[in-house]
Amino acid sequence: MNLPDPAYPIFGVSYTVDSPRPHWSTELALAETALDGLIDHLDLLLPYGTLSAGMRNVIKTALTEMTNSTRIDEAQKPQELVELAVYLFIVSPDYAIQL
């Protein structure tokens, strides 16, 4: 198996077997500008555009609450938003059930 060499970054990120890290540049940009854009983007990537209106509202409400939170450092907020959004998509029934 050919594993990435940590000495040579892929898309500007060094990967190791013990700590793979996703490349979130598109998602981070969307998290900083428009939550609806982030949700639309992840909807296409994860459940292939089948996210229900009810689940969309759940995800948007959670992300809006995090955006308004003062408990998270402003510099870390986009990263936290992306991670929460991806988590919510992955645990949603719309992602788990592919028709």
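To keep things clear, this report deals only with the structure shown in the data block. (Residues numbered from 1 in each chain as written. Predicted model: local features only at pLDDT ≥ 70, side-chain atom pairs only at ≥ 80, totals over all residues. Heavy atoms only, no water.)

Some remarks on a nonpolar patch on the surface
Worth spelling out the cut-off: In this analysis, a patch consists of residues with relative accessible area above 30% that form no salt bridge, clustered at 9 Å for like charges and at 5 Å for the nonpolar side chains Val, Leu, Ile, Met, Phe, Trp and Tyr. To measure how exposed things are, a 1.4 Å probe is used in the Shrake-Rupley method; for residues, cover is taken only from the protein chains shown. Counted as salt bridges are all cases of a side-chain nitrogen of Lys or Arg within 4 Å of a carboxyl oxygen of Asp or Glu. Where helices and strands are cited, they refer to DSSP runs of H or I of at least four residues and of E of at least two residues respectively, numbered from the N terminus.
Among the surface-exposed residues, Y87, I90 and V91 lie close enough to one another that they form a single nonpolar patch of about 300 Å² accessible area. If you trace the backbone, V91 turns up in helix α4 (residues 77-91).

Concerning the nonpolar core
Here is the rule we go by: What is meant by a nonpolar core is a set of buried Ala, Val, Leu, Ile, Met, Phe, Trp, Tyr and Cys residues, joined one to another through side-chain atoms within 4.5 Å. Exposure is judged per residue with a 1.4 Å probe applied to protein chains only, and the accessible area is read against the type maximum: over 50% gives exposed, under 20% gives buried, and values in between give partly exposed. Contacts were defined at the residue level, with two residues in contact if any of their heavy atoms lie within 4.5 Å.
In this structure, L42, I59, L63 and F89 are the most contacted members of the largest nonpolar core, which totals 19 residues. Counting only elements with at least two residues in this core, the list comes to α2 (35-45), α3 (53-68) and α4. Broken down by element, the residue count for this core peaks at six residues, all from α4. Residues in contact with L42, not counting those within four places in the same chain, are E27, P47, A85, V86 and F89.

A closer look at the packing of helix α1 (residues 25-33) against α4
The criterion, for reference: Comment: axis = line fitted to C-alpha atoms, over the contacting stretch for helices; angle = value between 0 and 180 degrees taken between N-to-C directions. In these notes the angle categories are as follows: under 35 degrees is roughly parallel, over 145 is roughly antiparallel, 65 to 115 is roughly perpendicular, and the rest is oblique. Under this grouping Gly is polar, as are all residues other than the nonpolar Ala, Val, Leu, Ile, Met, Phe, Trp, Tyr, Cys and Pro and the charged Asp, Glu, Lys and Arg.
Where α1 contacts α4, the two axes come as close as 9 Å, and the packing angle between them is 110 degrees. By the angle between their axes, α1 is roughly perpendicular relative to α4. In this structure, α1 uses E27, L28, A31 and E32 to contact α4, whose residues at the interface are P78, Q79, L81 and V82. For the contact of α1 with α4, the class distribution of residues is five nonpolar, one polar and two charged.

A look at the packing of α3 against α4
Geometrically, a packed helix pair is captured by the angle between its two axes and the distance between the axes. The line we're drawing: Working rule for handedness: look at the near helix, and if it is turned counterclockwise from the far one by less than a right angle, call the crossing left-handed; if clockwise, right-handed.
Orientation of α3 relative to α4, taken along the N-to-C sense of each, is 160 degrees, at an axis distance of 10 Å. Viewed along their axes, α3 and α4 adopt a mutual orientation that is roughly antiparallel. Between α3 and α4 the crossing geometry is right-handed. For the pair formed by α3 and α4, the contact residues are M55, I59, A62, L63, M66 and T67 on the first element and K77, E80, L81, L84, A85, L88 and F89 on the second. Per-class residue counts for the contact of α3 with α4 are ten nonpolar, one polar and two charged.

Overview of the pattern of salt bridges
Applying the stated criterion to the full structure yields four salt bridges. A salt bridge links D40 to R56; the nearest nitrogen and oxygen atoms lie 2.9 Å apart. Placement of the pair is D40 in helix α2 and R56 in helix α3, with a sequence separation of 16 residues. Assessed through its relative accessible area of 38%, D40 is described here as partly exposed. Here the salt bridges do not stand alone but share partners, grouping D40, D43 and R56 into one network.

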